[in-house]
Structure formats: C-alpha cells, structure tokens
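Below are the chains, spelled out letter by letter.
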Amino acid sequence: SAHAMDGIWLEDGTFQVAKGQKGKAKGKGKDKGGKGKGKGKDKDDPAAKRPRLDEDTIADEDEAFSFESDWDNKQICLINLKTAALNGVMGTVKSYLGAEEIIVDGKKKKIRRFLVALEG
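In this numbering scheme, every chain counts its residues from 1 along its sequence in written order. Totals for whole chains, interfaces and linings use every residue, but because this is a predicted model, local features are given only for residues with pLDDT of at least 70 and side-chain atom pairs only at 80 or more, for both listing and counting. Only hydrogens and water are removed before side-chain values are computed, so all heavy atoms of the structure are retained for them.

Student: Please clarify how the sheet that holds strand 4 (residues 90-104) should be interpreted in this entry.
Tutor: Pairing between sheet strands relies on hydrogen bonds along the backbone, with the strands arranged either parallel or antiparallel. Pairing between strands requires that DSSP locate at least two bridges from one strand to the other. By the criteria applied, helices consist of DSSP H or I runs no shorter than four residues and strands consist of E runs no shorter than two, each listed in order from the N terminus. Spatially, 3-4-5 is the arrangement adopted by the three strands of the open sheet, whose pairing is antiparallel. Here the strands that pair on one side only, and so sit at the sheet edges, are strand 3 (75-77) and strand 5 (107-118). For this sheet, the mean angle separating the axes of adjacent strands, direction not counted, is 35°. Pairing of strand 3 with strand 4, which is carried by three bridges, proceeds in the antiparallel orientation. Across the sheet, residue Cys 77 finds its bridge partner in strand 4, namely Met 90. Working convention: axes come from line fits to C-alpha atoms, limited for helices to the stretch in contact. Angles between N-to-C directions cover 0 to 180 degrees.

Student: Sorry if this is basic, but what is going on with the packing of aromatic side chains here?
Tutor: Aromatic rings considered in pairs are described by the distance between their centres and by the relative angle of their planes. A pair of Phe, Tyr and Trp rings is counted when the ring centres sit within 6.5 Å of each other, with Trp represented by its six-membered ring. The angle between the planes then sorts it: under 30 degrees is stacked, over 60 is edge-to-face, the rest tilted. This structure, assessed with the given rule, holds six aromatic pairs. Each ring, one from Phe 65 and one from Tyr 96, has its centre 4.8 Å from the other, and the planes form 45°; the classification is tilted. Of the two residues, Phe 65 sits in the loop between strand 2 (15-17) and helix 1 (67-70) while Tyr 96 sits in strand 4, which places them 31 residues apart along the sequence. With centroids separated by 6.1 Å and ring planes inclined at 25°, the aromatic side chains of Phe 67 and Tyr 96 adopt a geometry described as stacked. Taken together, the residues span a long stretch of sequence, with Phe 67 in helix 1 and Tyr 96 in strand 4 at a distance of 29 residues. Through a chain of ring-to-ring contacts, three or more aromatic side chains come together here, namely Phe 65, Phe 67, Trp 71, Tyr 96 and Phe 114. Charges are assigned to positions over rings by a cutoff of 6 Å between ring centre and Lys NZ or Arg CZ, combined with an angular limit of 35 degrees from the ring normal. Residue placement shows Arg 112 over the ring face of Phe 65; its charged tip is 3.9 Å from the ring centre.

Student: Teacher, can you tell me more about the pairing of strand 5 here?
Tutor: The side chains of a regular strand alternate between the sheet's two faces. Pairing geometry for strand 4 and strand 5, over 12 bridges, is antiparallel. Its bridge partner being in strand 5, Val 93 is matched across the sheet by Val 116. Count of turn residues in the strand 4/strand 5 antiparallel hairpin: two residues, of which Asp 105 carries a positive phi of about 50°.

Student: Quick question: what am I supposed to make of the pattern of salt bridges here?
Tutor: A pair can form between side chains of opposite charge whenever their charged atoms are brought close. We define a salt bridge as a contact between a side-chain nitrogen of Lys or Arg and a carboxyl oxygen of Asp or Glu at a distance within 4 Å. For the structure on display, the rule yields two salt bridges. In this structure, Arg 113 engages Glu 100 in a salt bridge whose closest nitrogen and oxygen atoms are separated by 2.8 Å. A residue pair is termed long-range when its members are at least 10 positions apart, and Arg 113 in strand 5 and Glu 100 in strand 4 qualify at 13 residues. Accessibility expressed as a relative area gives 12% for Glu 100, which makes it buried. Here Glu 101 makes a salt bridge to Lys 108, at a shortest N to O gap of 3.9 Å. Using a 1.4 Å probe on the protein chains alone, a residue whose accessible area is under 20% of its type maximum counts as buried, one over 50% counts as exposed, and one in between counts as partly exposed. Owing to a relative accessible area of 65%, Lys 108 belongs among the exposed residues under this scheme.

Right, here's the structure in full:
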C-alpha cells in the first residue's frame, strides 16, 4: 500500500513535495554528483511529461457530459482530498483537462480532471 506524501498540487497539475518529505525530487541514490545516465536532450525527443491533450482522452466520452453547460466557470467545493488542508476550499472551474481510467482497489474507475482556480 502506498503512503500519502505531504505537499501541494500546483495549478499546472504537478505535485510539489513538502520540505522534509521523501520524494522523487530529492535526488538521493545512485545519481549523486557527476552526470546521470539519463537520455541526452536531443531536439527530436518529445518532452518527458506533457499535460494530456484531448486526443489522449478516453474515446467513449459520455454523451451526457457537457463541460460548457455543466462545469465551465461554476463554483465548486473540494472534498475527499488526501491533502486534508484543501478539503472545504471553494474554487471556480476554469478548464477541462480530459478523462482517464485509473485503478482504485483493483477496479478500473473513470475520472475527469479539471483546472480549478482556488479562492482565498
């Protein structure tokens, strides 16, 4: 079972690990000093991480889902987050980032990601 890390979700969808937490960003382990064995920065290589674009989203989108009428610029309240400090925070939906399938307790679950501007 994975353990939760303290930190914050940034507006670009990345997670910033809180200081003092063990995280991938610390750079501990084999690659201390010198050059790592990572791939060179060739101009032909795509960026390692890109936000998902609409072509990456799941093809069988629900017909009942309409971002413009149901979600765009609507006020929401965050709930059930691992980062407990954000639970109860109000925000406004700014854009739809796409749908994807994740595995929760061994079952596939479809989730939708939204960019939310937080208030306060």
